[in-house]
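# Examination of the molecular architecture
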Amino acid sequence: MAAGSNPTRTVGTSPRRKEDLRLLTGTGTFADDWRFPQLRHAAILRSPYAHARIARVNPAPALALPGVFGVITGDDVARMSRPFTTGMPQRLAYYSSAVSKVRYAGEPVAVVVAESRYLAEDACELIEVDYEPLPVVVDARAAMRPDAPLLHEEVGSNVVNHRLLTYGDIDSAFRDADVVVRQDFDFHKYSSTPIETCVAVAQFDAATDIMTFWSNFHGPYSLHSFLAKGLNLPENKLRLIAPPDIGGSFGIKIAIVTYLALLGVAARKVGGTIKWVEDRREHLIGLSSGAERSAHYEMAARRDGTITGVRARYVDNNGAYIRAPEPANLYRTTGNTPGPYRIPTLQIDAHAVVTNKCPTGPNRGYGCQQLYYCLESMVDLLARELKMDPAEIRRRNLVQADQFPYTTPSGGVYDSGDYPAGLARALELADYGALRAEQEAARAQGRLVGVGIGLSVEPCVSNMGYLNVAFPPEDRARRDFHTKSGAGEVASVKVDPMGRVSGVVSSAPSGQGHDILVAQVIADELGLKADDLTVTTEMDTFTTAWTISSGNYSSRFASAGISAFAEASRKLRDKLLTIAAHRLQVPKAELAVAGGQVVHDKSGQVLSYRELAGLAHWNPGALPPGMEPGLQVTHLFNYAPAKVVDEMDRVNSSNAYGFIAEVALIELDRDTGEINILRYVSVHDCGTIINPQRVEGQVYGGVMHGIGGALFEELAYDDKGQFLAGSFMDYLCPTAMEAPKLEIAHVSVPSPFSTLGTKGCGEGSAMTAPAVLANAVNDALAPLGVRIHDLPLSPHRVWQALDSARPAARPPLRAAPVGV
Amino acid sequence: MKLAGETTLPGARQMVWDRLVDPQVMARCLPGCQEVQTVGPETYAVTLKIGVGPVTGTYGGTMRITERQPPARYRVAFEGTGAQGFVRGIGQADLTERDGATVLRYESEIEVGGLIASVGQRILEGVGKLLVKQMFSKLSAQVSGRPA
C-alpha cells in the first residue's frame, strides 16, 4: 500500500454535518451570543439627507441623558482616525462617519454609547444636527457630466478611477468584422443579504494600546491592514476575533470594517467594552451592495459566428465613497474578461463613479454577474443577428479541452476544464431539442415561453495582483509602488499527546462548513476517520496563523485552503513516518498510514499514532537525531501562477477557474409580466469535489442569489437620493416558494495547480443566473420584437415591454383616481 | 411625492378663506397638530405628531405663506424635521365658488427623508391622501359649524 492511499477515503463523500445539532437546537455561538461584563451599547445616528453640509452637531441633549457615556461625532472621527486607504491612484477622504458633509442617506453622523441599546437609540434622537442640503446625484452617467454636483470637492470629478485596457489589435478586429452588434445594459444595485447582520464589540486597552474587536467580520486578510491604518494602530496592536458561527456574508460583511473603525474611535474616546448590533434597516441602507453598472458593449464577429473582438465601456456606480477592495469590481474579472470563449481581442474602458448612494463592495460573484450578464446577452444578440442557435454559436467559440492551461488575451490562465463537455451536459440534461420543440408548440398557442443559456468561467482564489490594474503602468513602474501578488492560505494541523488530530482554519467561514471539508482532507491524508478529527474555525488574529490573503472570499477555500491542509497533513504524515521508520528500523518508503496507525506491511509491525505522539511529545529523546519535538505543522500554501500585473495590463487575476453552464425554461404571464421558471439546469466544473453535499448547497445558494438579483431585489433610491428599500417589505428576497427545482450535474476536470485538483464553487450560479434568466426572457419576448436590457426583471418591467409591443389600438388605461 | 385633488366645502368662498388662513383653525384641522405659533409675518411654527405605518414621529418645523390672493389662492412652503427624518414641500390651494359651496383644488409636492422614506415609501402616498382627507373633513366641520 502506497503512503497516503486510504481504502476508506472520505473525499468525494458527504459525511454528516457537524454543525446541524447546535444550529438546530439554538446552541450555536454567533457574535451576538458572546457575553461581556459591564457591556456598553452603541447606536448610530444616520443622515436623512443624501447630500448635505453639516452646519452644526450638538450632542449636549444626548449627553445629558442619565446612562449615556459619550457621543462620537465627525470631529472625533477626523481627529482620532485616518481616512481609509483606497486601492487606486486617486485619494479621497473616506472616514468611518461623515465629517462636515454627508454623502448618502444613511451615512453615520454620530454614535451614542450608553448603558443599553434602548437608551442609546433614544439619545440619538436628542442629538441636534443642522444640515444644509446640497444638490444630489444618484445616477452614475449623470454624475459624470461636468455640471453634476461634486461629491468630493478635493477630487474635482465624480469619476474617481479610469483605465482603458486594450488586449490585442481591437481596431483591426472591428474593421475586419463581418458583423458588429452593439447594446447598452443597466445592471442594478443589490446585495446578498446575509441572514445574520453585523455585530461588533470593541475594547481598547490603554495600558497596552491594544484594540480588540470581537466581530462576525469577513476577513481578516488585507482588511486587517486597512483597519489598522484607519485607526492609526500598528498591526500588532489590532486584534480581531471571530466566533465559531457566522450567519452568511457573501462579501457584504467585508464592509463591517468601516464600522469597526467607528467603534474603535468610540472605544478610544469613551472607554469600556462597546457593542453594536446592526439592525436590518441599517444593513440595507448603510452596509454594502454590488455595484450598479451601466455598460455599452460592442461585439465583432465573422459570418460563421466566430467572435473576433469585444469592446466594453463599464461605468460602475460605487456610491459615495470608494471602499477597498473597490474599485476592483472593474478589475477582478480582468483575466476572465472573455469568459469561456476564444476571443482574441478585448478592450475595456473602465470607470468608477461616485454618487449619493451607499458605497459598494464585493457581493457573491464580485464583478462577474455584471460581466456575464452583458457578455452572455451579447452572444445571444449575435446569434439572433446571424440567425444561429444560441447553443451552436457558443459551441463554436468555446475554449477547447486540449487548450488548457489556456491563457486569455487579458492574462488569465485557465487551469483546467472541458467547456464543450460542460455545455453538452447541460443541453443534454435540459433535453434542449425537446425544449425548443415545446417552445414552438407553446408559441403556437400564443404563450410566451423562452429558453435561456448562460455560461460563465468562475474565477476562484483571487490573485491580489489584480488590484494593481486600477493603477496605470507608469504608476506601477515607480520604485515606491506597492506591488501586489499572491494568493496564500495557512493551515495548521497538530497531533496531540494522545495521538488525536486537530486542524485550525484561518478563513473565518460564514456558514460554508469549512470544518467538515478540512476533516475529510486530513482524514484521507493521515488514514483517519473524519469523525475522529476536531477542526476549529474560530479566528483570533493574535493566535491563529494566517496570511494577508487569508479569508473566505473569491471562492478560495476549497482550492487554496484545502491545498494548505493537504500539504500540512502530508508534512505531518512524513514526520510520523520518519519517526516510525526510526523506531522500527525499516525504510520509510515501506511504511504507510491507515486506521490511525503506521503500518509496515512486510513485517506486520504497526505503531499507533498514540505511540508515535507519545514519543514526539513525552519522550523527544527517542526521536531521530536532530528532529524537532512535537507534532504540529503550519503550512502556507501559495499559488504559483499568482503573478504581478504586467506592463500590458495582463494579469492572471485568479488562480483557479471553474465553469458553469446553465439552461432555463421560463414562461411570461402576458397579463401581469410575471416570470415563471419552469426548468433550471445547472452544470458545474469545480474540479475535484471534496463533499458533494456542500457543493450542492453552494449551487442552490448561488442560483437563489442570482434569481433574487435578476428578478426581485433592488436597493432602490429616488432621484433625491432617498433610500426606498429599508425593510424586507420593500426589499424583496426570494423564498423557498420562489425556488425552482434545480437539476444539477457536474463535469469535473481537476486543476493542476491545487494539491487535490480542487477549484472553487462558492459564487458560481450567482454570477450566471441573471444572464440565463435575461436570455430566457428575451427569448420569450422574441416573437413580439421587443427586448429588455435592464435589471431587475420585475413584473413591471416585463409588463412595460409587453405593453410596448401591443398594437396601438389597445384599450386606454383607466386613469388613476386623484385626490381624496 | 405629489398630492393633488379637490374637495367641496359647504359655505361661501370668503368664509372658507377666512377659516383657511386662521392659524387657530388650522391647528384644529391639521392631523396630529400639537401646536401652531405665529413666529413672524406669514410664518408659523408647527409641531405635528404623525404616524406612517410602523413609524410614528414628532416633527417640528415652519410653515410660510408664500403667496396670498384672497379669497382665491394661497401658496405655502413648509419644512419640518424630527428624529425619524425630515419632510419639506410646497402646496397651493385654489378656491372657486360653485352652487353656493366652495371648491378647493390643491396641489402639493412633498419630499420625505429618513426612516419614513426608507420603510414607508409603499404606503406614503396612501397615508398622505388619508391625512389630506382627515384635514378637509375637519375643515368642512369648521366651515359648517358642525362638530368635527
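For the structure itself, look to the data block above.
The structure displayed is predicted, hence computed values, not measured ones.

Counting its regular elements, chain A contains 20 helices and 29 strands. Computed over its C-alpha atoms, the radius of gyration of chain A comes to 28 Å, within 12% of the 28 Å expected for a compact globule of 820 residues. Taking the principal axes of its C-alpha atoms as reference, chain A extends roughly 95 × 75 × 55 Å. Long-range contacts, defined as pairs at least 24 residues apart, comprise 81% of the intrachain contacts of chain A with a sequence gap of at least 6. Within the structure as shown, chain A displays about 29,600 Å² of accessible surface, and the carbon and sulfur contribution to it stands at 52%. Looking at chain A, you have 79 positive and 90 negative side-chain charges, and the mean spots of the two groups are 2 Å apart.

It is worth spelling out the sheet that holds strand E13 (residues 292–301) of chain A at this point. Residues and elements named next belong to chain A. As summarised here, the arrangement of the five strands in space is E7-E15-E14-E13-E8, forming an open sheet in which the pairing is mixed. Where the open sheet ends on each side, the last strands, each with one partner, are strand E7 (159–167) and strand E8 (179–187). In this sheet, neighbouring strand axes are inclined to one another by 5 degrees on average, regardless of whether the strands run parallel or antiparallel. Bridge count for E7 against strand E15 (residues 345–353) is eight bridges, and the pairing is antiparallel. For His-162, the partnering residue across the bridge sits in E15 and is His-351.

A common way to state how big an interface is: give the accessible area lost once the parts meet. The partner chain B presents 24 residues to the 18 residues of chain A that form the contact. Roughly 1,600 Å² is buried in total at the junction of chain A and chain B, and carbon and sulfur atoms are behind 58% of that figure. The interface formed by chain A and chain B includes zero salt bridges. Counting every contact that joins chain A to chain B gives four residue pairs in polar contact (both at pLDDT 80 or more). Within the side of chain A that touches chain B, the residues separate by chemical class into ten nonpolar, four polar and four charged.

Two side chains bearing opposite charge may form a pair once their charged atoms approach each other closely. All names here are of chain A. Within the structure shown, the criterion is met by 57 salt bridges over all chains. Ionic pairing is found between Arg-79 and Asp-76, a salt bridge with its closest N-O pair at 2.7 Å. Within this pair, Arg-79 and its partner Asp-76 are both found in helix H3 (residues 74–80), separated by three residues, close to a single helical turn. Classification of Asp-76 by relative accessible area gives buried; the value is 6%. Sharing partners across several salt bridges, the network here consists of Arg-384, Arg-436, Glu-440, Arg-443 and Asp-779.

Once that is clear, we can look at the sheet that holds strand E26 (residues 632–638) of chain A. Whenever strands of a sheet pair, they do so through backbone hydrogen bonds, lying parallel or antiparallel. All names here are of chain A. A sheet is described by the order of its strands in space; here four strands give the open sequence E21-E20-E19-E26, paired in mixed fashion. The open sheet is flanked by strand E21 (534–536) and E26, the only strands paired with a single partner. The sheet shows a mean angle of 20 degrees between the axes of neighbouring strands, direction not considered. Contacts from helix H16 (residues 557–584) reach strand E19 (488–495), strand E20 (501–505) and E26 within the one sheet, and its direction differs from that of E19 by about 35 degrees.

Looking now at unusual backbone geometry. All names here are of chain A. A cis amide bond links Glu-326 to the next residue, Pro-327, at an omega of 10 degrees. Along the chain, Phe-404 connects to Pro-405 via a cis peptide bond; the corresponding omega equals -10 degrees. Along the chain, the position of Pro-405 falls in the loop between helix H11 (390–397) and strand E16 (406–407). With a phi close to 55 degrees, Asp-431 is a non-glycine residue in the positive phi region. Structurally, Asp-431 is set in the loop between helix H12 (419–430) and helix H13 (432–444). Looking at Asp-431, the relative accessible area reads 45%, which means it is partly exposed. The backbone of Gln-585 sits at a positive phi, close to 55 degrees, despite the residue not being glycine. Inspection of the secondary structure puts Gln-585 in the loop between H16 and strand E23 (591–594). A relative accessible area of 63% means that Gln-585 is categorised as exposed.

What counts and how
- Residues numbered from 1 in each chain as written.
- Chains lettered and ligands numbered in written order.
- Predicted model: local features only at pLDDT ≥ 70, side-chain atom pairs only at ≥ 80, totals over all residues.
- Heavy atoms only, no water.
- Helix = DSSP H or I, 4+ residues; strand = E, 2+ residues; numbered from the N terminus.
- Rg over C-alpha atoms; globule rule 2.2 N^0.38 Å.
- Contact = heavy atoms within 4.5 Å.
- Areas by Shrake-Rupley, 256 points an atom, 1.4 Å probe, with all protein chains shown as cover.
- Lys, Arg positive; Asp, Glu negative; His and termini not counted.
- Charge placed at Lys NZ, Arg CZ, Asp CG, Glu CD.
- Pairing = 2+ DSSP bridges.
- Axes fitted to C-alpha atoms, helices over the stretch in contact; angles between N-to-C directions.
- Buried area = accessible area lost by both parts, 1.4 Å probe.
- Salt bridge = Lys/Arg side-chain N within 4 Å of Asp/Glu carboxyl O.
- Polar contact = N/O pair within 3.5 Å; in protein donor to acceptor, adjacent residues only side chain to side chain.
- Nonpolar A, V, L, I, M, F, W, Y, C, P; charged D, E, K, R; others polar.
- Buried < 20%, exposed > 50% of the residue type's maximum accessible area, 1.4 Å probe, protein only.

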